[in-house]
Every structure is written in structure tokens, then in C-alpha cells.
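Coordinate inspection notes
One letter stands for each residue in the lines below.
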There are 2 protein chains.
Amino acid sequence: MIKVVIIGSGNVAFHLIGKMQESAAIHLLQVLVRDEKSLAGILPENKIITQYHLLEEADIYIISVTDNAIPEVSNGLPFSNRLVVHTSGTTAIDAIASKNRRGVFYPLQTFSKNKAVNFTTIPFCLEAENEMDYVLMETVLKSISEKVYRINSFQRKSLHVAAVFVCNFVNHLYHIGSELCKENDVPFEILYPLIEETAKKIHDLSPLEAQTGPAKREDTKTVNSHLDFLKNDEYKNLYQILTQSIQNVKKL
Amino acid sequence: MIKVVIIGSGNVAFHLIGKMQESAAIHLLQVLVRDEKSLAGILPENKIITQYHLLEEADIYIISVTDNAIPEVSNGLPFSNRLVVHTSGTTAIDAIASKNRRGVFYPLQTFSKNKAVNFTTIPFCLEAENEMDYVLMETVLKSISEKVYRINSFQRKSLHVAAVFVCNFVNHLYHIGSELCKENDVPFEILYPLIEETAKKIHDLSPLEAQTGPAKREDTKTVNSHLDFLKNDEYKNLYQILTQSIQNVKKL
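Conventions and cut-offs
Residues numbered from 1 in each chain as written. Chains lettered and ligands numbered in written order. Predicted model: local features only at pLDDT ≥ 70, side-chain atom pairs only at ≥ 80, totals over all residues. Heavy atoms only, no water. Contact = heavy atoms within 4.5 Å. Buried area = accessible area lost by both parts, 1.4 Å probe. Salt bridge = Lys/Arg side-chain N within 4 Å of Asp/Glu carboxyl O. Polar contact = N/O pair within 3.5 Å; in protein donor to acceptor, adjacent residues only side chain to side chain. Least-squares fit on C-alpha atoms with pLDDT ≥ 70 in both. Pairing = 2+ DSSP bridges. Helix = DSSP H or I, 4+ residues; strand = E, 2+ residues; numbered from the N terminus. Disulfide = S-S within 2.5 Å. Buried < 20%, exposed > 50% of the residue type's maximum accessible area, 1.4 Å probe, protein only. Core = buried A, V, L, I, M, F, W, Y, C linked by side-chain atoms within 4.5 Å.

This next bit is on the interface of chain B and chain A. Accessible area lost upon the coming together of the parts serves often as the stated size of an interface. Chain B puts 91 residues into the contact, and the matching count from chain A is 91 residues. Together, Phe165, Val166 and Ile190 of chain B form the three largest contributors to the area buried by chain B at its contact with chain A, with a combined 8%. Summed over the shared surface of chain B and chain A, the result is zero salt bridges. Scanning the region where chain B abuts chain A turns up 32 residue pairs in polar contact (both at pLDDT 80 or more).

Structure below.
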């Protein structure tokens with residue numbers, strides 16, 4: 001079994017801890033956290049540590065903390081020449097202190113603590129400084145996911161930016177949709193099938209081909225009636241900018 | 001069987017024609033189109049007409065044309081006191097000429113001609129001027145969908161505006177995500193699980209609770225590194241505006 005230590009207790013660490021405890025290929029040795037209460041009930045007490053000097057020898061140390069804290073945490077590790085990886089989409093591999101062998105595995109998914117996710121369908125983006133470490137990381141990841149991609153630091157950054165557009169910003173548009181429903185006493189659930197179809201449609205058509213609606217049709221009458229309808233200036237502004245952006249694509 | 005006539009051959013009409021031909025409760029009598037070639041192979045030739053005076057007597061006439069054309073088309077119908085409905089999300093019921101009994105059924109879904117949709121899960125928003133007609137429309141719709149909601153013209157408009165946000169604008173963000181992947185030689189399919197999870201998550205959490213990412217975390221370093229990464233001014237501008245909009249929600 002491959003011995004793994006996780007450092008951190010954020011959303012990604014939390015889900016990794018759960019999944020790695022189930023995996024037959026992985027022995028989750030310890031989890032290092034600032035506050036041991038953050039993992040109470042999730043992990044046996046003897047596996048939870050709060051001090052660097054208590055870290056045992058493992059095959060992989062997974063740093064899953066705020067992006068900004070990766071250099072400091074990796075510098076604080078009291079050993080060298082071991083495999084240390086981070087899980088950040090937007091941080092380059094060299095944010096990890098160079099005294100250890102370095103790698104990255106970035107799970108491209110949105111994690112909330114109170115929502116289970118199916119790990120087997122999560123794509124993991126892998127990078128390592130040397131091929132032996134890549135193979136070891138791949139073995140660990142393949143025991144929890146079917147989708148493992150070799151992605152370098154620059155590509156990973158582009159993916160992370162793209163993920164902000166297709167996840168964080170998309171979710172914000174869902175929020176606006178739900179607010180509009182609430183204001184007008186309409187159940188938001190009426191929109192669920194539309195939301196799901198929009199997300200699935202792009203498997204068969206490119207988003208460019210899949211585009212519909214008043215902006216795409218250049219249906220100015222509908223666009224104007226929607227702008228009239230929107231009383232919230234922020235929503236009105238977003239409506240205008242996104243409509244214009246859709247129409248700019250058409251003109252290319 | 002309820003006798004139905006469809007007027008129009010756009011995306012919605014096209015899918016209704018397919019589904020209504022399969023329904024045991026519905027007899028699709030005729031489809032009136034401008035250009036009979038638009039339905040070649042979809043419908044027997046004797047059911048396709050191009051002239052108003054050839055319209056036969058039916059229980060419901062469904063006008064499924066561009067929003068702007070609804071008044072003109074409904075005025076052109078050579079009869080009165082029959083049930084005439086439109087399928088527009090953004091047009092009030094009274095856009096239909098008042099010589100006939102009026103109704104609306106708006107299928108809240110995104111339709112592309114070359115992409116099949118599962119009608120049974122599409123929510124239909126129904127409105128009628130009188131209760132008898134509402135019941136008739138409900139019977140027709142329940143033969144092709146499990147989800148039928150009573151929604152008045154004002155509520156329907158709010159739903160249509162919300163649908164533009166959660167479908168058209170969301171799809172545009174998918175387009176931007178796919179362009180960023182293409183530019184950096186990364187397969188867009190890596191993002192599919194994230195896109196689907198984002199769409200499904202809001203069944204269990206409100207979009208407000210489901211929000212994640214650098215904007216929500218107020219992680220300025222990541223936001224700035226993403227803005228640096230984006231070379232396209234339009235994408236940069238959208239990134240800034242949507243980040244700000246997410247942060248405005250937090251402050252409420």
C-alpha cells in the first residue's frame with residue numbers, strides 16, 4: 001500500500017481524506033491540520049496531528065491548503081528528497097520548496113463540504129518533476145478516479161481560469177436566475193431541466209453551435225423587453241454585457 | 001383524440017411536431033409553414049400546408065413562430081372563437097388576436113434542431129383565458145410531459161429572463177471555457193464533470209450556498225493571476241465584472 005499524508009482540512013482535503021480511507025491501494029497515515037477539531041469524527045484521533053515534527057515517513061505528502069500558504073507549508077516540512085505535491089489549479093509546481101521532489105495533482109471539480117461527490121468521474125490533472133514520481137502519483141489517483149490526465153503547469157493554469165468561467169461564474173448566473181424566480185413567486189426548480197440540458201448539450205454540439213436565445217438571434221425587441229423587466233441595475237448591466245459578448249462571437 | 005394544428009417550423013415547432021406525432025392522445029392534423037421544404041421527410045406531404053385558407057377545424061392551433069410575428073399570424077387566421085395558443089416565453093397572452101380564445105404554453109427548454117430532447121422532463125408553463133381551455137391544454141401537454149405548471153404572463157416573463165441567464169449566458173461562458181482550452185491545447189472534455197456537477201449541485205444547495213472559487217474566497221492573488229493570464233480584453237472584462245458581482249452578493 002502506498003503511504004499517504006495529507007496536510008490541510010479545506011474542501012479538497014476533506015473529500016480526499018474520505019475517499020483515500022476507502023481505497024485498498026492507499027494507506028492514509030496521518031493528516032496534519034492547524035485545528036484538530038476540524039476533523040473530529042472524520043478520522044481516528046491518532047491519525048490527526050497538529051505539529052510538523054510528528055510527521056511520519058510516507059510515499060507522498062499532499063499539501064491541500066490555501067494557494068498562498070503552499071510555499072510556507074512546504075518550507076516547514078522537516079525532511080527532504082521526499083515526494084511532496086499540491087492540489088492547486090492555479091499554483092505552479094515550483095511553489096513547493098525545492099528541498100523535496102515535487103508534483104501536482106489537481107482535481108478538476110467543485111467541492112463543498114456538505115455535498116458528496118463521485119470521485120470516480122473527477123478528472124485529475126497530474127504533473128511531476130520526474131517520471132518515477134509521476135507513475136507513483138498515477139497509481140494513487142487511478143485507485144480513486146478513472147480520469148487521469150498529464151497536464152503541465154501552464155496548461156493547468158488555463159484549465160483553472162476556464163473552470164472559473166464554466167463553474168464559479170456559471171453558478172453565479174444560477175444565483176441570479178434563482179433570485180429572479182423568488183422575486184416573482186415562481187419555483188426555481190422549473191429551470192432545473194433547462195440547466196441540465198444546457199450542461200449536457202455541449203457533449204454533442206460545441207458551445208458555439210449550441211447557443212440559442214435572443215442575443216444569438218439578434219432579437220432586439222426581446223432583449224429590450226428583458227432589460228425593461230430587470231429592475232436591478234447590476235443584473236441589467238450583466239444582461240447587456242453578456243448579450244453583447246454573444247453577439248461579438250457571431251461577428252467573427 | 002385532440003386535433004392539433006401547428007403553425008411554424010422553428011426549433012420549438014420542429015420538436016413539437018416530432019413528439020405530437022408519437023402521442024396517442026393527439027391527432028396532429030396539419031402544419032402551416034411558409035416553405036413546405038422545411039418539413040420535408042418529417043411529416044406526410046398532405047399534412048403540410050402553406051396557405052391559411054387550407055386550415056381545417058382543430059381543437060387547438062399552436063403558433064410557434066418568431067415572437068414578433070405572433071400578432072400578424074394570429075390576425076391572419078380565417079376563423080374566430082377557436083383556441084389559439086403561442087409558445088413564446090417572453091410574449092404576453094394578449095399578443096394573440098382577440099377574435100379567438102387565447103392561451104400560452106411555453107416549453108422551458110433549449111431546443112436545437114439537430115439535438116434530440118427528452119420531452120417528458122420538459123416543464124411546460126400554461127396559461128389560458130378560460131378554465132375549459134386550460135384543462136384541454138393540460139390534457140394535451142400531459143400526454144407529452146410530466147411537468148405542467150400554471151404560470152401567468154408576468155411570471156412567464158420573469159422565467160424567460162431567468163432562462164436567458166441560466167441557459168444562454170451560461171452557454172456563452174462554456175464557449176469562453178472551450179476557447180481557453182483550445183488556445184492552450186487542453187481537451188475541453190476535462191471540464192465536463194465540473195460543468196455537470198455545477199448544474200446538479202443546485203438541487204441540493206442553493207446557488208448562493210454552492211458558490212466556490214477565488215471571487216467568493218476574496219482570493220485577490222488568484223484573481224489577479226487569472227487576469228494577467230487572460231490576453232483577450234473581452235474575457236478579462238467579463239472576468240472582472242463577474243468576480244465583482246459575486247463579491248457584491250457576499251456583502252449583502
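Attention now goes to the relation of the copies chain B and chain A. After a rotation of 180° and a shift along the axis of 0.0 Å, chain B superposes on chain A with an RMSD of 0.0 Å. Here the copies are linked by what is in effect a two-fold axis. Within chain B, the C-alpha atom positioned nearest to the axis of rotation is that of Val170 of chain B, 2.7 Å from it.

Moving on: the sheet that holds strand β5 (residues 83–86) of chain A. All names here are of chain A. Strands sit in the order β3-β2-β1-β4-β5-β6-β7-β8 across an open sheet of eight strands; the sheet is mixed. Looking at which strands have only one partner, the edges of the open sheet turn out to be β3 (48–49) and β8 (147–150). Across two bridges, the pairing between strand β2 (residues 26–32) and β3 is parallel. In the strand pairing of β3, Leu32 is matched with Ile49.

This paragraph deals with the state of the cysteines. This structure, assessed with the given rule, holds zero disulfides over all chains. Free of any disulfide, Cys125 of chain B has its nearest neighbouring cysteine sulfur in Cys181 of chain A, separated by 9.7 Å. Judged by relative accessible area, which is 0%, Cys125 of chain B ranks as buried.

Glancing now at the pattern of salt bridges. Summed over the entire model, instances satisfying the criterion amount to 16 salt bridges over all chains. Measuring nitrogen to oxygen at the nearest pair gives 3.6 Å for the salt bridge that ties Glu22 of chain A to Lys19 of chain A. Separated by three residues within a single helix, Glu22 of chain A and Lys19 of chain A lie in helix α1 (residues 11–22), roughly one turn from each other. Looking at Glu22 of chain A, the relative accessible area reads 61%, which means it is exposed. Across the pair Arg101 of chain B and Asp133 of chain B runs a salt bridge, and its minimum N-O distance is 2.7 Å. Separated by 32 residues along the polypeptide, Arg101 of chain B in strand β6 (residues 101–107) and Asp133 of chain B in helix α3 (residues 131–142) bring together distant segments of the chain. A relative accessible area of 26% places Arg101 of chain B in the partly exposed class. Note on Asp133 of chain B: relative accessible area 4%, which makes it buried.

Its place among the elements puts Asp219 of chain B in the loop between α7 (214–217) and α8 (220–229). Taking the relative accessible area as the measure of exposure, Asp219 of chain B reaches 6% and is therefore buried. In contact with Asp219 of chain B, other than residues within four places in its own chain, are Asp67 and Asn68 of chain A together with Pro214 of chain B.

Okay, the pairing of β6 of chain B next. Residues and elements named next belong to chain B. For β6, a buried count of six out of seven residues is recorded, marking the element as mostly surrounded by other parts of the structure. Relative to β6, strand β5 (residues 83–86) is paired through four bridges, and the arrangement is parallel. The partner of Leu83 across the bridge, within β6, is Arg101. Looking at chain direction, β6 and strand β7 (residues 123–128) are connected through five bridges and run antiparallel. By the bridge assignment, Gly103 is partnered in β7 with Ala128.

Of all hydrophobic cores here, the largest spans 83 residues; its most connected members are Phe165, Tyr174 and Leu191 of chain A together with Phe165, Tyr174 and Leu191 of chain B. With residues up to four places along the chain from it excluded, the contact list for Phe165 of chain B reads Leu173, Ile176, Leu180, Leu230, Tyr235, Leu238 and Tyr239 of chain A together with Val170 of chain B.

In short, geometric facts, not functional conclusions.
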